[in-house]
Amino acid sequence: SSRLLLCPPVQFKRQTAPPLPTSEGPCCRKKVPPQGEVFKRAPADRGLLQRWYSDVHPARLSELAAACARILYREVVVAGVLDAKPSGAGGPAPEQGEHTVSITVVGASGDLAKKKIFPALFALFYEDWLPEHFTIFGYARSKMSDEELRNIISMTLTCRIDQRANCSEKMDKFLKRCFYQSGQYNSEEGFHELDRKLTEKEAGKLPNRLFYLSIPPNIFVDVVRSASRTASLPSGSGWTRFIVEKPFGRDSESSGELTRSLKMYLEEEQIFRIDHYLGKELVENLSVLRFSNLVFQPLWSRDYIRNVQLIFSEDFGTEGRGGYFDNYGIIRDIMQNHLLQILALFAMETPVSLAAEDIRNEKVKVLRSMRKLKLEDVVVGQYKGHTRGGKSFPAYVDDPTVPNDSVTPTFAAAALFIDNARWDGVPFLMKAGKALHTRRAEIRVQFRRVPGNLYRGNVGTDLDMATNELVLRVQPDEAIYLKINNKVPGLGMRLDSSNLNLFYSERYQREIPDAYERLLLDAMEGERRLFIRSDELDAAWAIFTPVLRELEEKRVAPELYPYGSRGPVGAHYLAANYNVRWGDISSDGSF
Ligand SMILES: NC(=O)C1=CN([C@@H]2O[C@H](COP(=O)(O)OP(=O)(O)OC[C@H]3O[C@@H](n4cnc5c(N)ncnc54)[C@H](OP(=O)(O)O)[C@@H]3O)[C@@H](O)[C@H]2O)C=CC1
Ligand SMILES: O=C1O[C@H](COP(=O)(O)O)[C@@H](O)[C@H](O)[C@H]1O
């Protein structure tokens with residue numbers, strides 16, 4: 001019997017891979033599905049694609065899947081297939097009809113929604129990544145009409161490249177799909193009304209629902225309770241998923257409590273804990289660099305790597321977010337999540353495959369092998385007011401929502417260690433700060449010295465300066481470069497340190513999508529690889545909770561640093577304790 005399967009998850013009986021589809025849309029029609037096979041792109045399909053084409057990078061699979069999907073959703077196909085299989089993420093697949101996805105941005109009046117989520121959704125729409133049938137709803141307490149929401153959204157939408165064709169036309173089409181529902185977060189009334197409107201828009205289609213919780217963490221559970229009771233799809237229908245923004249708690253206990261509360265209403269498979277750094281291009285590329293380049297594989301351990309540095313800096317303060325920030329501080333805001341996630345990807349063992357669970361299993365192992373951070377391995381700082389060139393920059397505590405005597409760190413540096421065979425004794429240094437002199441995020445890998453270096457007489461007295469360094473610049477101006485020693489051309493024998501460069505803007509003539517685009521698409525596809533599993537979260541909090549508690553109990557005074565400076569000098573002493581020099585500082589002390 002033939003069936004058209006349109007909703008995930010779908011169980012496939014095929015055991016062997018069909019020919020690799022190409023990314024040009026029409027080829028999908030030719031090659032996928034092969035004759036007599038069932039092939040329907042759906043979230044589950046990507047896992048299948050990954051198994052079949054294990055040598056193809058997931059990002060490309062995603063492209064292939066989406067390219068095929070646009071055709072397949074409408075036209076596919078099938079013979080002799082398969083049983084739809086219920087799951088926590090949605091229930092059994094409906095058997096016929098066109099599917100639709102409804103995306104509700106809860107907290108639509110807020111900063112993140114306006115700055116990142118709506119623009120990412122528009123970019124996906126512009127590039128034809130969204131399914132043909134979709135609806136976007138904003139939900140918040142503020143009273144607003146659909147038109148008012150559209151006005152707000154339209155102010156932040158851009159066609160990322162100025163001259164892109166049909167931008168305003170596309171924008172109009174996109175905005176027509178955006179609607180607004182006002183309501184409380186802890187009452188079911190508003191969500192009831194939302195459900196009614198969603199159902200109206202979904203009429204005649206196979207529905208799927210994605211809720212993006214772009215709200216302060218203290219109301220996550222209220223929203224999940226109300227929405228899951230009144231606006232979730234019934235089992236047997238399509239999927240209902242929730243993207244949850246950070247912070248996921250503020251320590252091990254509160255995070256555990258949050259997880260338990262969410263799981264009262266949702267299955268783990270419905271929860272997509274977002275860490276947008278995992279959606280950044282260079283972070284995605286970290287695994288490619290590691291696992292598909294033989295040159296790096298033998299070097300990736302304590303035998304050759306002297307230290308690893310994970311650096312985040314912003315050239316602006318907590319402006320406008322002081323109220324939130326003061327309850328969290330930079331360690332929770334950046335280190336425990338963004339930098340630690342990068343560290344886990346950097347240090348994990350080779351996963352069995354590129355499937356989400358295989359990758360997340362390896363990340364958990366490495367996190368669980370890490371030592372709990374100690375107070376003596378942490379330096380904290382806070383920015384103070386500063387005047388430069390006649391312009392005044394405020395202190396952190398000048399924010400009216402921050403107490404005058406706040407000791408919340410806006411800067412921290414830390415030395416972390418992984419007690420396993422690969423990384424024993426290698427310092428992983430993290431540094432994160434707000435209101436510094438530059439905006440930057442990078443991973444720096446400093447290699448050991450060349451034993452018995454024949455050219456030691458030519459590289460100067462500072463042998464550390466002569467070691468190789470691999471830098472992955474996550475932002476801005478994405479780049480990968482490797483510092484090598486090179487002979488300066490000429491008749492003499494002078495060496496200098498030069499870079500082998502891969503600057504993305506020079507190498508690739510295409511714009512890099514925003515992290516939120518990739519992550520929203522993945523959530524719609526049911527791809528969990530870039531989302532945080534609850535055991536990863538537990539392991540991450542276990543590393544930081546004791547020191548966070550100690551910092552707070554002792555009210556450790558942060559070292560003050562001027563707004564726009566390079567941060568506290570204490571960070572250099574911390575690094576020096578482990579014979580490390582921060583790589584973002586050149587030999588003359590400047591960045
Ligand atoms: N902004 C950013 O750059 C980033 C934010 N995040 C996370 O994303 C989430 C949303 O962030 P952001 O948009 O900045 O948050 P906002 O403070 O802007 O809040 C979003 C919306 O939630 C409602 N809200 C705010 N405070 C309360 C409250 N105390 N009780 C009930 N409702 C409230 C408001 O809508 P209304 O009053 O209309 O109901 C507001 O528009 C947070 O979890 C944040 O930590 C993560 C990374 C970056
Ligand atoms: O999660 C957060 O990230 C932003 C920095 O994100 P980026 O993509 O602009 O680098 C940071 O400003 C914010 O404090 C933090 O909550």
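Residues numbered from 1 in each chain as written. Chains lettered and ligands numbered in written order. Predicted model: local features only at pLDDT ≥ 70, side-chain atom pairs only at ≥ 80, totals over all residues.

(A) Structural detail: the nonpolar core. Ranked by internal contacts, the top residues of the largest apolar core, which has 132 residues, are Leu213, Met335, Leu339, Ala412 and Met430. The greatest single-element share of this core, amounting to 12 residues, is contributed by helix H12 (residues 329–347). Both domains that furnish three or more residues to this core are identified here as domain 2 (99–245) and domain 3 (278–577). Ignoring anything within four residues of it in the chain, the contact list for Leu213 reads Val106, Gly107, Phe220, Val223, Phe242, Ile243, Val244 and Glu245. (Core = buried A, V, L, I, M, F, W, Y, C linked by C-beta atoms within 7 Å. Buried ≥ 20, exposed ≤ 12 C-beta atoms within 10 Å, placed from the backbone. Helix = DSSP H or I, 4+ residues; strand = E, 2+ residues; numbered from the N terminus. Domains from an automatic or database assignment. Contact = placed C-beta atoms within 7 Å.)

(B) Structural detail: the sheet that holds strand E5 (residues 240–244). Strand order in this open sheet of seven strands is E3-E2-E1-E4-E5-E6-E17, and the pairing throughout is mixed. Looking at which strands have only one partner, the edges of the open sheet turn out to be strand E3 (178–182) and strand E17 (531–532). Direction of pairing for strand E4 (residues 206–213) relative to E5: parallel, over a ladder of five bridges. Among the inter-strand pairings, Leu210 is bridged to a residue of E5, identified as Arg241. (Pairing = 2+ DSSP bridges.)

(C) Here's a closer look at the site of ligand 2. Every residue lining ligand 2 is accounted for by His276, Glu314, Asp333 and Ala441. Split by residue class, the shell around ligand 2 holds one nonpolar, one polar and two charged. (Near = placed C-beta within 6 Å. Nonpolar A, V, L, I, M, F, W, Y, C, P; charged D, E, K, R; others polar.)

(D) Representation of the packing of H12 against helix H13 (residues 356–368). The contact between H12 and H13 brings their axes to 9 Å, and the two run at 105°. The angle between the axes of H12 and H13 places the two elements in the roughly perpendicular class. Of the residues in H13, those touching H12 at Ala344, Leu345 and Ala347 are Lys363, Val366 and Leu367. Taken together, the residues of the contact of H12 with H13 break down into five nonpolar, no polar and one charged. (Axes fitted to C-alpha atoms, helices over the stretch in contact; angles between N-to-C directions. Parallel < 35°, antiparallel > 145°, perpendicular 65-115°, else oblique.)

(E) Representation of the confidence of the model for the chain. Averaged over every residue, the pLDDT of the chain is 85; the share at 70 or more is 82%. A low-confidence stretch, residues 587–591 (pLDDT under 50), is modelled with five contacts involving residues beyond four sequence positions or located in other chains. Model confidence for the complex is summarised by a pTM of 0.85, with the ipTM given as 0.98. (pLDDT = per-residue confidence, 0-100.)

(F) A look at helix H8 (residues 220–230). Of all the residues in H8, the buried ones are Phe220, Val223, Val224, Ser226 and Ala227. Taken together, the buried residues of H8 touch strand E1 (99–106), helix H7 (188–202), E4, E5 and helix H9 (252–265).

(G) Structural view of the sheet that holds strand E11 (residues 411–416). Reading across from one edge, E16-E15-E14-E13-E7-E12-E11-E8-E18 is the order of the nine strands in this open sheet, with mixed pairing throughout. Strands with a single pairing partner mark the edges of an open sheet, and in this sheet they are strand E16 (495–503) and strand E18 (559–562). Strand-to-strand twist in this sheet, taken as the mean axis angle between neighbours without regard to direction, amounts to 20°. The sheet contact formed by strand E14 (residues 469–475) and strand E15 (residues 479–487) spans five bridges and is antiparallel. Each residue of the ladder has a partner; that of Val471, found in E15, is Tyr481.

(H) Structural view of the site of ligand 1. Of all residues adjacent to ligand 1, which total 19 residues, the nearest are Gly110, Leu112, Ala140, Arg141 and Ser142. In terms of residue count, helix H4 (residues 111–126) provides more of the shell around ligand 1 than any other element does, three residues in total. Per-class residue counts for the shell around ligand 1 are 10 nonpolar, five polar and four charged.

(I) Inspection of unusual backbone geometry at higher detail. Cis rather than trans, the peptide bond between Lys246 and Pro247 has omega equal to 0°. Relative to the assigned elements, Pro247 resides in the loop between E5 and H9. The step from Gln475 to Pro476 runs through a cis peptide bond, and the omega angle for that step is -15°. Within the secondary structure, Pro476 is located in the loop between E14 and E15. Non-glycine residue Asn166 carries a positive phi angle of around 55°. Tracing the sequence through the fold places Asn166 in the loop between helix H5 (146–156) and helix H6 (167–176).

(J) Layout of the pairing of strand E12 (residues 428–433). Within E12, six of the six residues are buried, which leaves the element mostly enclosed by the surrounding structure. Both faces of E12 are covered, namely the face carrying Phe428, Met430 and Ala432 and the face carrying Leu429, Lys431 and Gly433. With six bridges joining them, strand E7 (residues 305–313) and E12 adopt parallel strand pairing. If you follow Ile311 over to E12, its bridge partner there is Lys431. Where E11 lies against E12, six bridges are found, and the strand directions are antiparallel. Of the residues in E12, the one forming a bridge with Phe411 is Gly433.

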